[in-house]
Amino acid sequence: MKVLFISLGCDKNLADSEEMLGLLTGKGHEIVDSEEEAEVIVINTCCFIHDAKEESIENILEMAEYKKAGTCKVLIVTGCMAQRYKEEIIEEIPEVDAVLGTTSYMDILKAIDEACEGRHFQEFRDINELPEDSGRRVLTTGGHYGYLKIAEGCDKHCTYCIIPKLRGNYRSVPMEKLLAEAKDLADQGVKELILVAQETTVYGKDLYGEKSLHKLLRELCKISGIQWIRILYCYPEEIYDELIQTIKEENKVCHYLDLPIQHASDAVLKRMGRRTSKAQLVEIIEKLRKEIPDISLRTTLITGFPGETQEQHEELKDFVDEMEFDRLGVFTYSPEEDTPAATMTEQIPEEVKEDRQAELMELQQEIAFDLAEDMVGREVLVMIEGKVADENAYVGRTYKDAPNVDGLIFINTDEELMSGDFARVRVTGALEYDLIGELI
């Protein structure tokens, strides 16, 4: 059948979508990109924050119209929203034929078969089990980079976060499975491997009795074809010496870490259920920069958390100003049902949250521009992402930039380059978040 696949939310969700696409194409289904053409529509949903929930609902309702019109025969909802609101989806959107939970996406083929027979299908396996191995994934990232999901679930239980209730406890994927998957990705042309999980830093502790991300990295570095390995979602309190040394010593591991710190006020961090203090955050950031001087640090913050005072907001601004993160994103706090933070008193008005977010982003814009200007004149290795339409120019990324969340570098050249190529580039100019360069 002709299948349209819509993947929403994070890159961990995207990895699940690529598993489903592998199962679908392996059984002869054809992937299409048109709603009018699709006989089957699958929506892999997200509901981490309010905006993500809204986007998921809008997509389900929009695709339900194609089911009503008769062009679509089967409508399937998977992912976090399916796990969280299964009863509501089934009861309120009768056009939906099948609903699969977060650990049940491997049942996608069965869901289509059942729906084609006129039966509604639901599958919600134990969220503390690892999904079965599907075999080969279908990459949707262009082929030169790919995400490797090294674990499922989370044990942290931050007071604002619903993920442990939707994704279960932390379960590391066995190393041999990850190495086989990484080799398959390399065989498909992947040159940059991006490690993801709800938290990457405690990888292996549940399986091997100790943190083993450094061991996984050293094995991944042995795979031919992989040239960059990037690590996302590293909780700062879990960063350990062997990991730092591995990043420092292994040439393929990018000097880049994504540290979601969320805040810098001890009082706010405590209410969030975070396991760090401001002093500890300063200590780990200083240690990383001392051991790996050219490391690029990305972080995310939540502003307007319940009870956040103006003074605590100013403290966060001062921290951002002092730390000068290379990359930074700011979310306004979103109260989620069934989380402790949603029932806290002193909820902050939306306009105050948005004002505080804007102040932080304005400050970070200045920092980012200063850091970008410091890059002018330097030579960098760039992965080419594609050509700029109607211009003799290409767009690429340095080791400092993860795809879709960080900056870009624009390269003027008459030479012909391909996506996934690596090129030596001299930085000649700086924009707010991006760079301009020329081939060396």
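In case you missed it, the structure is sitting above this.
Residues numbered from 1 in each chain as written. Predicted model: local features only at pLDDT ≥ 70, side-chain atom pairs only at ≥ 80, totals over all residues. Heavy atoms only, no water.

Considering the packing of aromatic side chains
We describe a pair of aromatic rings using the distance from one ring centre to the other and the angle between the two ring planes.
Stage number 1. For the structure shown, the criterion picks out five aromatic pairs.
Stage number 2. When the ring of tyrosine 145 is compared with that of tyrosine 147, the centres are 6.0 Å apart and the planes differ by 90 degrees; the resulting orientation is edge-to-face.
Stage number 3. Overall, the relative accessible area of 5% leaves tyrosine 145 in the buried class.
Stage number 4. For the pair phenylalanine 319 and phenylalanine 325, a centre-to-centre distance of 6.2 Å together with 45 degrees between the ring planes defines the contact as tilted. One exposure class covers both phenylalanine 319 and phenylalanine 325, and it is buried.
Stage number 5. What links up through ring pairs into an aromatic cluster is the set Tyr160, Phe305 and Tyr333.
Stage number 6. Sitting over the ring of tyrosine 233, lysine 12 keeps its end group 3.7 Å from the ring centre.
Stage number 7. Over the ring of phenylalanine 124 we find lysine 86, and its NZ or CZ is 4.8 Å from the ring centre. (Phe/Tyr/Trp six-rings, centres within 6.5 Å; stacked < 30°, edge-to-face > 60°. Buried < 20%, exposed > 50% of the residue type's maximum accessible area, 1.4 Å probe, protein only. Lys NZ or Arg CZ within 6 Å of the ring centre and 35° of its normal.)

Overview of the layout of surface pockets
Stage number 1. By volume, the second largest pocket amounts to about 350 Å³.
Stage number 2. Along the wall of the second largest pocket there are 19 residues; nearest its centre are Glu19, Glu132, Asp133, Val173 and Glu181.
Stage number 3. Those elements giving two or more residues to the lining of the second largest pocket turn out to be helix H1 (11-26) and helix H7 (175-187).
Stage number 4. Of all the elements, H7 adds the most residues to the lining of the second largest pocket, at four residues.
Stage number 5. Looking at side-chain class alone, the lining of the second largest pocket contains six nonpolar, two polar and 11 charged residues. (1 Å grid on protein atoms, 1.4 Å probe; cavity = no way out; pocket = protein on both sides within 12 Å on 5 of 7 lines; lining within 4 Å. Points joined across faces, edges and corners; volume = space filled by probe spheres on them. Helix = DSSP H or I, 4+ residues; strand = E, 2+ residues; numbered from the N terminus. Nonpolar A, V, L, I, M, F, W, Y, C, P; charged D, E, K, R; others polar.)

A short note on the sheet that holds strand E4 (residues 74-79)
Stage number 1. Taking strand neighbours across the sheet as the criterion, the six strands line up as E2-E1-E3-E4-E5-E6 in an open arrangement whose pairing is parallel. Two strands lie at the open edges of the sheet, namely strand E2 (30-32) and strand E6 (121-123), each paired on one side alone. Between one strand axis and the next, the sheet turns through 20 degrees on average, direction left out of account.
Stage number 2. Bridge count for strand E3 (residues 40-45) against E4 is six bridges, and the pairing is parallel. Each residue of the ladder has a partner; that of valine 40, found in E4, is valine 74.
Stage number 3. Contacts from H1 reach strand E1 (2-7), E2, E3 and E4 within the one sheet, and its direction differs from that of E1 by about 170 degrees.
Stage number 4. Each of E3, E4, strand E5 (98-100) and E6 is contacted by helix H5 (residues 108-116), which is oriented at about 150 degrees to E4, the strand it contacts most. (Pairing = 2+ DSSP bridges. Axes fitted to C-alpha atoms, helices over the stretch in contact; angles between N-to-C directions. Contact = heavy atoms within 4.5 Å.)

Points about the environment of threonine 303
Stage number 1. Considering the arrangement of structural elements, one finds threonine 303 in strand E13 (residues 296-303).
Stage number 2. Between the C-alpha atoms of threonine 303 and arginine 356, which are 53 residues apart in sequence, the distance is 6.6 Å.
Stage number 3. With sequence-adjacent residues up to four places away left out, threonine 303 is seen in contact with Glu308, His313, Val330, Phe331, Thr332, Tyr333, Lys353, Arg356, Gln357 and Leu360.

Some thoughts on the packing of helix H13 (residues 310-323) against helix H14 (residues 350-375)
Stage number 1. It is at 10 Å that the axes of H13 and H14 come closest, and there the two elements cross at 15 degrees. Comparing the axis directions of H13 and H14 gives the class roughly parallel. Remark: the crossing between H13 and H14 carries right-handed chirality. Contacts from Gln310, His313, Glu314, Leu316, Lys317, Val320 and Asp321 of H13 reach H14 at Arg356, Glu359, Leu360, Leu363, Gln364 and Ile367.
Stage number 2. Per-class residue counts for the contact of H13 with H14 are five nonpolar, three polar and five charged. (Parallel < 35°, antiparallel > 145°, perpendicular 65-115°, else oblique. Left-handed = near helix turned anticlockwise from the far one by under 90°.)

Thoughts on the nonpolar core
Stage number 1. If you look at the biggest cluster of nonpolar residues, it comprises 58 residues, and the most contacted ones within it are Ile150, Leu193, Leu195, Leu213, Leu216, Leu220 and Leu257.
Stage number 2. At six residues, the largest contribution of residues to this core is made by H7.
Stage number 3. In this structure leucine 193 touches Gly146, Leu148, Ala182, Leu185, Leu220, Ile226, Trp228, Ile229 and Arg230, once residues within four positions along its chain are discounted. (Core = buried A, V, L, I, M, F, W, Y, C linked by side-chain atoms within 4.5 Å.)

Some words on empty space enclosed by the protein
Stage number 1. Applying the stated criterion across every chain, the model contains one cavity of 30 Å³ or more.
Stage number 2. Roughly 40 Å³ of volume is contained in the largest cavity.
Stage number 3. Every residue along the wall of the largest cavity is listed here: Asn13, Asp16, Met20, Asn44, Thr78, Gly79, Gly101, Thr102, Tyr105 and Arg167.
Stage number 4. Sorting the residues of the lining of the largest cavity by element identifies H1 and E4 as the ones contributing at least two each.
Stage number 5. If you tally residues by element for the lining of the largest cavity, the top one is H1, at three residues.
Stage number 6. When the residues that make up the lining of the largest cavity are grouped by side-chain class, the tally is two nonpolar, six polar and two charged.

Overview of the environment of arginine 137
Stage number 1. Of note, arginine 137 is situated in the loop between E6 and strand E7 (145-149).
Stage number 2. C-alpha separation for the pair arginine 137 and glutamate 87, spaced 50 residues apart in sequence, amounts to 30 Å.
Stage number 3. When neighbours within four sequence positions are excluded, arginine 137 is seen to be in contact with Ala15, Glu18, Glu19, Tyr147, Leu148, Glu181, Asp184, Leu185 and Gln188.
Stage number 4. For arginine 137, the side chain forms a polar contact with the side chain of glutamate 181, separated by 2.5 Å. (Polar contact = N/O pair within 3.5 Å; in protein donor to acceptor, adjacent residues only side chain to side chain.)

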